[in-house]
Amino acid sequence: MLTKFQAKLFFLVGTFLFSAVFLLLTYDSLKYVYSSASSKTLSEEVISGKELWEKNNCMGCHTILGEGAYYAPELTKVYERRGPEWIRVFLKDPQAMYPGERKMVKYDFSESQISDIIAFLKWNGELDLKGFPPKPEYKSSTQLVNAESAAVVQPEKFKQICTACHSVGGAGGNVGPALDSVGKKYDIAYLQNWLRDPQKIKPGTAMPKLPLSENEIKDLSSYLSQLK
């Protein structure tokens, strides 16, 4: 049994010791935060994007940096996975990108707000998180294109949006099918009609109707028709 003096001494020493440890760890954490490269890239756009993230309670569905809900996809590395143009198109109309599937609200963000959110997601994705989150291992079944097809220059729109879901030559996303031999299966006219309105060609398909201009449709269909 401790005497009153011993109990008081134990309390005071313990309080002082753990307070000192807390202050030391706080100092070390702040020193790391403010000396890291990420603090130098913390722009007004990134701060504004964070404010939009919090104001619209995005963490109520999404997880970022290990914090948030698990109803919707984890977004720490979404900029790396999808790219800025895909994210921009998605934020304008989430339902159009995943017809009949996604539950995300259409927030009617302005162009500048979308740019700020993208800047915030990019900043988070570039943080040194020591390997978090780990990259999932996928079993790839893609076929490599032949040398002639591989030499065809990809349109910018394909690099910006299509590769987020599709792969060519083993590079790209795996949400949609690989497009290595799509030119063998479909002619250029079919590909143009498909890109104009996939739902019209195949009702219920997961492929969204992308906001593409006629020139972009022609460029993409011409490129895809050469993949054989």
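Calculation notes
Each chain carries its own residue numbering, running from 1 in the written order of its sequence. Reporting of local features is limited, given that this is a predicted model, to residues whose pLDDT is at least 70; pairs of side-chain atoms are given and counted only at 80 or more, and all residues count toward the totals for whole chains, interfaces and linings. Side-chain numbers here rest on the full set of heavy atoms in the structure, without hydrogens or water. Each helix is a run of DSSP H or I of at least 4 residues and each strand a run of E of at least 2, with the numbering of both proceeding from the N terminus. UniProt positions are given in the numbering used here, feature names are shortened, and annotations may be inferred rather than shown by experiment. What we call a nonpolar core is a set of buried Ala, Val, Leu, Ile, Met, Phe, Trp, Tyr and Cys residues that are connected through their side-chain atoms within 4.5 Å. Type-normalised accessible area, obtained with a 1.4 Å probe on protein chains alone, sets the label of each residue: buried when under 20%, exposed when over 50%, and partly exposed for intermediate values. Boundaries between domains were set according to an automatic or database domain assignment. We call two residues contacting when some pair of their heavy atoms lies within 4.5 Å.

A. Molecular detail of unusual backbone geometry. The omega angle of the peptide bond from Phe132 to Pro133 is -10°, so this bond is cis rather than trans. Among the secondary structure elements, Pro133 is positioned in the loop between helix H6 (111-125) and helix H7 (147-150). You will see that Asn57, though not glycine, has its phi angle at about 55°, which is positive. Tracing the backbone shows Asn57 in the loop between helix H2 (44-55) and strand S1 (63-64). Within the chain, Asp108 stands out as a residue other than glycine whose phi angle is a positive 60°. Looking at the secondary structure, you find Asp108 in the loop between helix H5 (94-97) and H6.

B. Just the UniProt feature "transmembrane region" (unreviewed entry) in the chain, in detail. Cross-referencing UniProt, the feature "transmembrane region" (unreviewed entry) maps to residues 9-27 in the present numbering. In residues 9-27, helix accounts for 100% and strand for 0%; the two terminal C-alpha atoms are 27 Å from one another.

C. Seen up close, the nonpolar core. Among the nonpolar cores identified, the biggest contains 43 residues, and Trp86, Leu121, Phe158 and Leu224 are the most heavily contacted of them. Counting residues per element, the ones that place at least two in this core are H2, helix H4 (84-92), H6, helix H10 (188-196) and helix H12 (214-225). Per element, the largest residue contribution to this core is seven residues, and it comes from H6. Both of domain 1 (42-126) and domain 2 (156-226) provide at least three residues apiece to this core. The residues touching Leu224, leaving out its near neighbours within four places in the chain, are Phe158, Leu179, Val182, Gly183 and Leu191.

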